[in-house]
Amino acid sequence: ILKHFMNMDFKVGIQPSVSLYCLFQYLPSTVVNTTLRLQALREAMSSVNVSAYIIPGTDAHLSEYIAPRDARMAFMTGFTGSAGTAVVTLNKAVLWTDSRYWVQAERQMDCNWELEKDVSISSIADWLIREVSDTDNIGFDPFLFSIQTYESYSYNLVPAKLMLKSIPDNLVDGVWTDRPLIPPDNLIRLPDRVVGRTWQMKVEHIRTQMTDNPYKPTAVLLSALDETAWLFNLRGSDVPYNPFFYSYTLLTLNEIWLFVHKDRVTEDLKLYLNSTCFPLAHCVQLLEYEQVRVMLKNYMTTSGVKVWIGTEYTNYALYELITPEKLLTSAYSPVLTTKAVKDETEQRILRDAHVRDAVAVIQLLMWLEKVVPEGKETEMTAAYYVNECRSKQKDSRGPSFETISASGPNAALAHYSPSNATSRKLTVDEMYLVDSGGQYLDGTTDITRTVHWGIPTDMQKEAFTRVLMGNIEISRTIFPSGTKGVNMEMLGRRALWEVGLNYGHGTGHGVGNYFGVHECTIALLIVVSLPEPGYYKENDFGIRIEDVVVIVPAHTKYGHNYLTFETVSLVPYDRKLIDTSLMSPQQLQWLDNYYLTIRELMGDELDRQGLTEEKTWMLKHTVPFQSATASAAVSSLSLTLTALATALLHILL
């Protein structure tokens, strides 16, 4: 009965934000009881004179992936999705999230919470205007607000005479008695064999950009976690799947301050950072992570200073300390724009990492071909298997994100990952999508392959082939330097659009070198990015193809400064899903050239690792398409001529 009502479209009598689980007084076992948490938070709110408190789902560095200790929204609501904002007043509690997570939120939140099926700040502001009087304060943690987020709330609330109250000491932290601790692991420095530029070289490069800037900044403030990690060639383990550590950096023309948990910096690292010398240009002064606001506030009292920030990743807690006349802004800091361009060493080692990573994916696909017909394997066992294969490769440091292992209708959910409650058995009758990646000391990988172990339908073959055509069209295109990735979107979609198909996610993103699997693509320079077109048929199947590519110079007849892509992911596509009759000769030629590259690079690596069976599998799945088509045509013509000759001879005799 409950499932029937969940699918009905109620017109009257039931508010859309009211959980039907609560309406029928039935709560799934996945629900978290938040009564005591809300009671404690409301007491804290009253103590600082706020009537509403906003809880975003991010951290102080505006990261895509956050550490367990920063999952404040999840702690308060019970909802563990990656996108959302919670608001608590003295008598109500509401969560805003997007359509990917509506069902999940209903299953995880108790009846203290209401769900608003929206994510816009204007929607949250409209609700606050209805619920809060103009004499009340709306509290927020400025460390969890981006500059744009604060400005958007202000824009919507000020006309209603509502004001935001900045509370740097997070109220949720005060009631979260068992909040996870910071991992005790020490920070590490990258080995010299994977470093092309020392941290001193990087510091001088950024300082050169400061002196060349016409607005003459005296300091650069780094807030994103990957900025500091990149600058000093350091890594940590504070965030799942990402080798980052809690940190800020304030870099001036003659001094460096690194804000970090100092007890995790070993004596060797202190020596590496020259942290024991007097304050000189290449001496890194170590300060505690929590001192960043105090230090920045003191620096701002100095006359003639100007701080350069990247607005995309600087939180409002730091921004509000910088007076306008001492502020220089750009969308991204000079560190992020410099980091986006991979140097020769970074390009070389990421290629090496992708060769080893392809071994693991080939092992997975070969194993699944053998065992799926037995009917014992599931989405979860497949995800575990590929992670195990990667862990055996040189310099492996774990997955780069939670593996998406999805079969049949689960694959139609673009961001699905299996759990004990949702994992399906793999069968030869359904398509299977695996989107996975690894972290290595020399690179970060991200690859998606879609396969079918039985007989795919004509629709599945056409959809897959058109997704592949989009992938190839992006990969083989030539474009002028400075082109933005968004300008190539339609190349990945055109083959699908021609038959009225599409997909609802982006077509690519940047990738780091032993960094985050998702990096911003500031412009298509010599960066690493991804073509990842797809198609998803609801409750039936999902298709996605994703490869890592490196932007390299293109040699054109007339123009200079043109670029193209080199694919460094080295795993073949499922042959039985490809309808070559839909593809152009140029696309087939690209595919054959790609398969030749796989044979050359992976053949040597599989030999080196003694993986004879895997090499045989790889060779079988990388037979050239055009020569195979030509051979089939020649063979057919030979049979026809033989038959005609036989018939003619029979007539003559």
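Cut-off values and rules
Residues numbered from 1 in each chain as written. Predicted model: local features only at pLDDT ≥ 70, side-chain atom pairs only at ≥ 80, totals over all residues. Heavy atoms only, no water. Helix = DSSP H or I, 4+ residues; strand = E, 2+ residues; numbered from the N terminus. Rg over C-alpha atoms; globule rule 2.2 N^0.38 Å. Buried < 20%, exposed > 50% of the residue type's maximum accessible area, 1.4 Å probe, protein only. Contact = heavy atoms within 4.5 Å. Areas by Shrake-Rupley, 256 points an atom, 1.4 Å probe, with all protein chains shown as cover. Lys, Arg positive; Asp, Glu negative; His and termini not counted. Charge placed at Lys NZ, Arg CZ, Asp CG, Glu CD. Pairing = 2+ DSSP bridges. Axes fitted to C-alpha atoms, helices over the stretch in contact; angles between N-to-C directions.

Draft legend 1. Representation of the overall build of the protein within the structure. Secondary structure summary: the protein contains 21 helices and 26 strands in total. Here the C-alpha radius of gyration of the protein, 28 Å, is about what a compact globule of 653 residues would show, namely 26 Å. For the protein, the spread of C-alpha atoms along the three principal axes comes to 110 × 70 × 45 Å. Counting all 653 residues of the protein, 53% fall into the buried class. Summarising the internal contacts of the protein: among those between residues at least 6 apart in sequence, 70% fall at separations of at least 24. Summing over all exposed atoms, the protein offers an accessible surface of approximately 29,500 Å²; the carbon and sulfur share of this is 55%. One finds the centroid of the 57 positive side-chain charges in the protein at a distance of 2 Å from the centroid of its 74 negative side-chain charges.

Draft legend 2. Seen up close, the sheet that holds strand 15 (residues 396–399). The strand order 15-18-19 describes an open sheet built from 3 strands, whose pairing is antiparallel. The sheet terminates laterally at strand 15 and strand 19 (443–444), the two strands that pair on one side only. Bridging between strand 15 and strand 18 (residues 438–440) involves 2 bridges; their strand directions are antiparallel. Its bridge partner being in strand 18, proline 399 is matched across the sheet by glycine 438. In the packing of helix 15 (residues 344–371) onto the sheet, contacts are made with strand 18 and strand 19, and the angle to strand 18 comes to roughly 135°.

Draft legend 3. Local environment of the sheet that holds strand 14 (residues 327–330). Spatially, 12-11-10-8-13-14 is the arrangement adopted by the 6 strands of the open sheet, whose pairing is mixed. Among the strands making up the open sheet, the edge pair consists of strand 12 (284–288) and strand 14. Neighbour-to-neighbour, the strand axes of this sheet turn through a mean angle of 20°, independent of strand direction. Sheet topology places strand 10 (residues 248–252) next to strand 11 (residues 256–260); 4 bridges connect them, and they run antiparallel. Residue pairing across strands places leucine 250 opposite tryptophan 257, the latter belonging to strand 11.

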